[in-house]
Amino acid sequence: MNRVLVEKRPAGTTSPAAPAPGVPRLVAWAVLAGAGLTVLALAAMLLRRLPTGSRLAGWTYPYDRAAGEWHVVWPALVVAPAVLGLLWLSRRLPARFDAAMVAGWFLAVIPLQLLLRVYALPSLGGIVASDRANSFYSPSQRWGIGEFMGDYMGLVEQLPPHARTNMPGKTLLYFLLDALGLGPAAMGVAVLALANLSAVLLWLIVRDLTGDRRIALYTLVLGLFLPGALYFVPVLNAVSPVPILLALWLHVRFLTTRRYGYALGLGAALYLTVFFEALPLVLGVVFAALLGVALRQRELTWRDTLRLVGCALAGFAACYLLMRGLFGYDLFDNFAYVLADANDFNARWRPYGMWVTRNLWYLALAAGIASCVLLAAAGWDAVRRRSAHPAAVLTLSGIAVLVVLDLWGINRGETVRLWIFLAVYLQIGAAWLCARTERFWPAAVLVSATVLQAGIGSAMIGFVRT
């Protein structure tokens, strides 16, 4: 398969060679620093000293447990060795078993994730049924799907708060889960499984672009134990990365195959992204970066680019016209309503100047403190080396997305939840750095720190209220 960004490199650039048998100094220091900061943060969390918001800045996450409840650590201490064992075995499997390996992770990880959240309050079923935490479930019990979508803009003011200020795709997901005959508790587990698809899609993207099984594997595991997603699941922000990562994978597939079907699917996936949650469209910076590098390295022609854009627009338009024809639903009118509400809320309640810095701390809570340290190291090294490695493009464009999103100011507060889509994507940089060595311990330390942060944070802090 022709791998974009791998075969050709501009003059004067470097790309890391095959993983070294030792551990590069940058990798060792970044991993140890990230793990050390994680341990300090978790101790502060257990003692209720970790900052979790600011009333002056307009948002805070309260602690659910008293200081010094050390017993909440045991689920993470059980899960971490199990995950490391699976990771060690996965590294040793031949390439022909990759698909089976990913399917095995997808199935095995759910009980481990549930164990990691055993002290989380409230329960999955309680969150699903709560209008305060997740107001997308109750409309699926009140209206039929035809009635709901057929007069959506007429009904929107009757919806509970989160459903009213979000796009209707999240509510339609509960219509589908209800059609399967699931109760609230089972729906919570189903949402957890759907959220795990984001890690699988990341694995596909990294594998297709880099051809490096180790980077792809590390990205998969870090994505499955993303602290922010486990803090908030089954709140549907945990599922929000799935449509945009599906679109990104289809984009990558077009770049590597030039097949029109992938471009048409890309347009449909972009419609689904807006229909579910439009904010992840900011990852369009990554789409543009990959396209730009492919054009520069002459892996793609301008005619191919026009075909990509044309087919994607056709796929998007087909979905728009289908929904307009079936239900009279106008995506653009709905999006304008949601955007106006978000801007009004920020103007009244969330000062820009405070959150433009605090958002970065909340990203570390969502993405993992250790992963953020490694991301910074990977980004610095990519710039220093002028690296042409595809993982460098993915890492640096992800950092660019973070800068744009933070300075834009559309999100102020609650970004542990709202930036889950970005937090899962940024695991690529941490995985890339760990994959610089054949040694297992850097990845083991990083994954262990991530699991500990997810488990202890879920138990100590009330990220979700019912």
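Since this is a predicted model, take the numbers as computed values, not measurements.

Cut-off values and rules
Residues numbered from 1 in each chain as written. Predicted model: local features only at pLDDT ≥ 70, side-chain atom pairs only at ≥ 80, totals over all residues. Heavy atoms only, no water. Helix = DSSP H or I, 4+ residues; strand = E, 2+ residues; numbered from the N terminus. Core = buried A, V, L, I, M, F, W, Y, C linked by side-chain atoms within 4.5 Å. Buried < 20%, exposed > 50% of the residue type's maximum accessible area, 1.4 Å probe, protein only. Contact = heavy atoms within 4.5 Å. Axes fitted to C-alpha atoms, helices over the stretch in contact; angles between N-to-C directions. Parallel < 35°, antiparallel > 145°, perpendicular 65-115°, else oblique. Left-handed = near helix turned anticlockwise from the far one by under 90°. Nonpolar A, V, L, I, M, F, W, Y, C, P; charged D, E, K, R; others polar. Expected span 1.5 Å × (residues − 1).

Caption draft 1: Up close: unusual backbone geometry. Of the consecutive residues Leu 121 and Pro 122, the connecting peptide bond is found in the cis state with omega at -5°. Within the fold, Pro 122 resides in the loop between α3 (98-116) and α4 (124-129). A cis amide bond links Val 233 to the next residue, Pro 234, at an omega of 10°. Among the structural elements, Pro 234 can be located in the loop between α12 (227-232) and α13 (241-257).

Caption draft 2: Region of interest: the nonpolar core. Trp 105, Leu 220, Phe 225 and Tyr 425 are the most contacted members of the largest nonpolar core, which totals 172 residues. Sort the elements by how many residues they give to this core and helix α10 (residues 184-210) lands first, with 15 residues. In contact with Tyr 425, other than residues within four places in its own chain, are Leu 202, Leu 245, Leu 248, Leu 283, Val 286, Leu 394, Ser 397 and Gly 398.

Caption draft 3: View of the packing of α13 against helix α14 (residues 260-276). Closest axis-to-axis distance for the α13/α14 pair is 8 Å, and the angle between their directions is 165°. Accordingly, the angle class assigned to the pair α13 and α14 is roughly antiparallel. Viewed along their axes, α13 and α14 form a crossing whose handedness is left-handed. Two secondary-structure elements touch here, α13 through Pro 243, Ile 244, Leu 246, Ala 247, Leu 250, His 251, Arg 253, Phe 254 and Thr 257 and α14 through Tyr 262, Ala 263, Gly 265, Leu 266, Ala 269, Leu 270, Leu 272, Thr 273 and Phe 276. Each residue belonging to the contact of α13 with α14 can be placed in one class, and the counts come to 13 nonpolar, four polar and one charged.

Caption draft 4: How the structure looks around the side chain of Asp 304. In this fold, Asp 304 is placed in helix α16 (residues 302-327). What Asp 304 contacts, discounting residues up to four positions off in sequence, is Phe 254 and Arg 258.

Caption draft 5: Looking closely at α16. Over its 26 residues, α16 extends 37 Å from the first C-alpha to the last, a length consistent with the 38 Å expected when each residue adds 1.5 Å. Every buried residue of α16 is listed here: Asp 304, Thr 305, Leu 308, Cys 311, Ala 312, Gly 315, Phe 316, Tyr 320 and Met 323. Those residues of α16 hidden inside the fold are in contact with α6 (145-150), α13, α14, α15 (284-296) and α17 (331-349). Phi turns positive one or two residues past the end of α16, at Gly 328, with a value near 75°.

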